[in-house]
Amino acid sequence: MTFRLNEDAEDSATVSVDSIVDTEYVKQMEEFVATNGELSSQSSSTLQVDGLTAIAFQEEQRVALDALTPLADCEVCSEAISFHQRVRLPCGHIFCVDCTLEYFRRATKDEVLYPPMCCTRQISLLLIRKDMPDDLSRAYEKAKLEFATLDRTYCANPACGQFVPPTFIVDQQATCSHCDTVTHATARDKAMEATQALADLNGWKTCYQCNRIVELNFGCYHMTCPCKAEFCYLCGAKWKTCDCSRWNEDRLLGPR
Ligand SMILES: [Zn+2]
Ligand SMILES: [Zn+2]
Ligand SMILES: [Zn+2]
Ligand SMILES: [Zn+2]
Ligand SMILES: [Zn+2]
């Protein structure tokens, strides 16, 4: 599948070398990205056809396009942005590069914002990768792995607390690549038990999917965890699989 996409990308990149300002090509590439979503890092490098020629060509094309294209407003910060500073999203909205990078940065820290979306459509990493600093790329890849892992292990060193990917867990022992602390499965479970006791005391619930503690402020008992799991706040069961009442009238009215 990815291999096939590679070929397409290469084809359209080669065709474009015929003309200096080829807006049709740019449009096609954007549409290609919008419809095909993320590609692996290897595949994006195939877009830089043959080294220096392609890069010089891209620079020329960039300057020409900026001069020819009217400015557009960023959906987030309302700044007027030139063509090359523009990130055109699959929903049709336009973000500036800075706002897009900021969104991705936040998404690495807050699972609720992951993956970055606009109008319910995911914003492909490919749309912004060329402008993304290496540290953010790495942080994003790391967050992607963490958020995709359901049964997560975090480093037991309180000063660290980093996520330990499943590949670093051997025989129930998780080795942290940041501080070399080895977290044993039993220690992890003990830590989880302590958190659970605190949660029970406060009436918090644990997400059945990712073990995160979620607190209900007011409203209905339908909880959506940052990991996207939906469950019943009363019994913790997957949403709509239990007989509990779905509303808490007191909480619905909010604090009085
Ligand atoms: Zn902006
Ligand atoms: Zn949108
Ligand atoms: Zn650690
Ligand atoms: Zn969850
Ligand atoms: Zn229930």
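Look up a bit, the structure's there.
What counts, and at which threshold
- The written sequence of each chain sets the order in which its residues are numbered from 1.
- For naming, the first written chain is A and the first written ligand is 1, with later ones following in the order written.
- The predicted nature of this model means local features are confined to residues of pLDDT at least 70 and side-chain atom pairs, given and counted, to a pLDDT of 80 or more, with totals for whole chains, interfaces and linings taken over all residues.
- Note: side-chain values were computed over all heavy atoms of the structure, leaving out hydrogens and water.
- A pairing counts as a salt bridge when a side-chain nitrogen of Lys or Arg comes within 4 Å of a carboxyl oxygen of Asp or Glu.
- Here a helix means four or more residues in a row that DSSP labels H or I, a strand means two or more in a row labelled E, and each is numbered from the N terminus.
- Burial status follows relative accessibility: with a 1.4 Å probe on protein chains alone, a residue under 20% of its type maximum counts as buried, one over 50% as exposed, and anything between as partly exposed.
- Here the positive residues are Lys and Arg and the negative ones are Asp and Glu; neither His nor the chain ends is included.
- Here, two residues are considered to be in contact whenever any of their heavy atoms come within 4.5 Å of each other.
- Metal donors: N, O and S atoms at distances within 2.8 Å, or within 3.2 Å for Na, K and Ca, with water omitted from the atom set so that some sites may seem incomplete.
- Metal sites are grouped by the angles between bound donors: all angles between 85 and 135 degrees with four donors is tetrahedral, opposite donors over 155 degrees apart with the others between 65 and 115 is square planar for four donors and octahedral for six, and any other pattern is irregular.

A. Seen up close, the pattern of salt bridges. Evaluated as defined, the whole model comprises four salt bridges. For the salt bridge of Arg152 with Glu111, the shortest nitrogen-to-oxygen distance reads 2.9 Å. Note that Arg152 is positioned in the loop between helix 6 (134–148) and strand 7 (153–154) and Glu111 in the loop between helix 5 (97–109) and strand 5 (117–118), a separation of 41 residues in sequence. Under the relative-accessibility criterion, Glu111 is labelled buried at 7%. For Asp131, the salt bridge goes to Lys130, with nearest N and O atoms at 3.1 Å.

B. Spatial organisation of the side chain of Glu146. The topology assignment puts Glu146 in helix 6. Within the buried set, Glu146 has no salt-bridge partner at all; the shortest N-O distance to an opposite charge, 4.5 Å, is to Arg152. Once residues lying within four places of it in the same chain are set aside, the contact partners of Glu146 are Arg152, Tyr154 and Phe163.

C. Spatial organisation of the coordination of the zinc ion (ligand 5). For the zinc ion (ligand 5), the protein coordination sphere consists of Cys232 (SG), Cys235 (SG), Cys242 (SG) and Cys244 (SG), at 2.2 to 2.4 Å. Bound by four donor atoms, the zinc ion (ligand 5) shows angles of 103 to 114 degrees at the metal and therefore tetrahedral coordination geometry. Binding-site remark: the zinc ion (ligand 5) is held by donors from one chain whose sequence spacing is C-x2-C-x6-C-x1-C. Classification of Cys242 by relative accessible area gives buried; the value is 19%.

D. The arrangement of the coordination of the zinc ion (ligand 3) in detail. Every protein donor of the zinc ion (ligand 3) is listed here as Cys155 (SG), Cys160 (SG), Cys176 (SG) and Cys179 (SG), and their distances to the metal cover 2.3 Å. Coordination at the zinc ion (ligand 3) is tetrahedral, judged from the four donor atoms that bind it and the angles of 100 to 117 degrees they form at the metal. Coordination of the zinc ion (ligand 3) draws on donor residues from a single chain, spaced C-x4-C-x15-C-x2-C in sequence. Here Cys176 lies in the loop between strand 10 (173–175) and strand 11 (182–184) and Cys155 lies in the loop between strand 7 and strand 8 (163–164), a separation of 21 residues in the sequence. Look at Cys155 and you get buried, because its relative accessible area is 6%.

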